[in-house]
Amino acid sequence: FISDSLEHAWNEHFGHLCAFKAKNGHCIVSQYDERNKSLGRWVFVQRVLYKKKTLSSNRIQQLNSICFVWDLHERSYEL
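Residues numbered from 1 in each chain as written. Predicted model: local features only at pLDDT ≥ 70, side-chain atom pairs only at ≥ 80, totals over all residues. Heavy atoms only, no water.

Draft legend 1. Up close: helix 2 (residues 37-51). The first and last C-alpha atoms of helix 2 sit 21 Å apart over 15 residues, in line with the 21 Å expected at 1.5 Å per residue. All buried positions along helix 2 are accounted for by Leu39, Gly40, Trp42, Val43, Gln46 and Arg47. Taken around the axis of helix 2, the buried residues stretch over an arc of 160°, which confines them to a single face. Following helix 2 by one or two positions, lysine 53 adopts a phi angle in the positive range, close to 60°. (Helix = DSSP H or I, 4+ residues; strand = E, 2+ residues; numbered from the N terminus. Expected span 1.5 Å × (residues − 1). Buried < 20%, exposed > 50% of the residue type's maximum accessible area, 1.4 Å probe, protein only. Arc of directions from axis to C-beta.)

Here it is, written out as structure tokens:
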């Protein structure tokens, strides 16, 4: 039961991230952005979980499918 609600919350945030990308053309959401504070915090947490190797491969694939930026420092060199 708890697992289902956590899965639902993750999917809901992922949906918000997809909408953010559709509107802005990227998935880089600042946790300090007042309009997207919750989404920015979620994005930050996904990066932390990825670095700790505790993010599931399914979620990594979902985020990769929308060109999620895992390392902001690496990304800044590409811009």
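Once you've had a look at it, read on.
Draft legend 2. Spotlight on the nonpolar core. One finds Leu17, Leu39, Trp42, Val43, Leu63 and Phe68 to be the most contacted residues of the largest nonpolar core, which totals 15 residues. Broken down by element, this core gets its largest block of residues, four residues, from helix 1 (residues 2-24). Setting aside its immediate chain neighbours within four residues, leucine 17 contacts Cys27, Val29, Leu39, Trp42, Val43, Leu63, Ile66 and Phe68. (Core = buried A, V, L, I, M, F, W, Y, C linked by side-chain atoms within 4.5 Å. Contact = heavy atoms within 4.5 Å.)

Draft legend 3. Representation of the layout of surface pockets in the model. The volume enclosed by the largest pocket comes to roughly 210 Å³. If you list the elements that add at least two residues to the lining of the largest pocket, you get helix 2 and helix 4 (72-78). Sort the elements by how many residues they give to the lining of the largest pocket and helix 2 lands first, with five residues. Classifying every residue of the lining of the largest pocket by side-chain character gives six nonpolar, four polar and three charged. (1 Å grid on protein atoms, 1.4 Å probe; cavity = no way out; pocket = protein on both sides within 12 Å on 5 of 7 lines; lining within 4 Å. Points joined across faces, edges and corners; volume = space filled by probe spheres on them. Nonpolar A, V, L, I, M, F, W, Y, C, P; charged D, E, K, R; others polar.)

Purely geometric numbers; function is a separate question.
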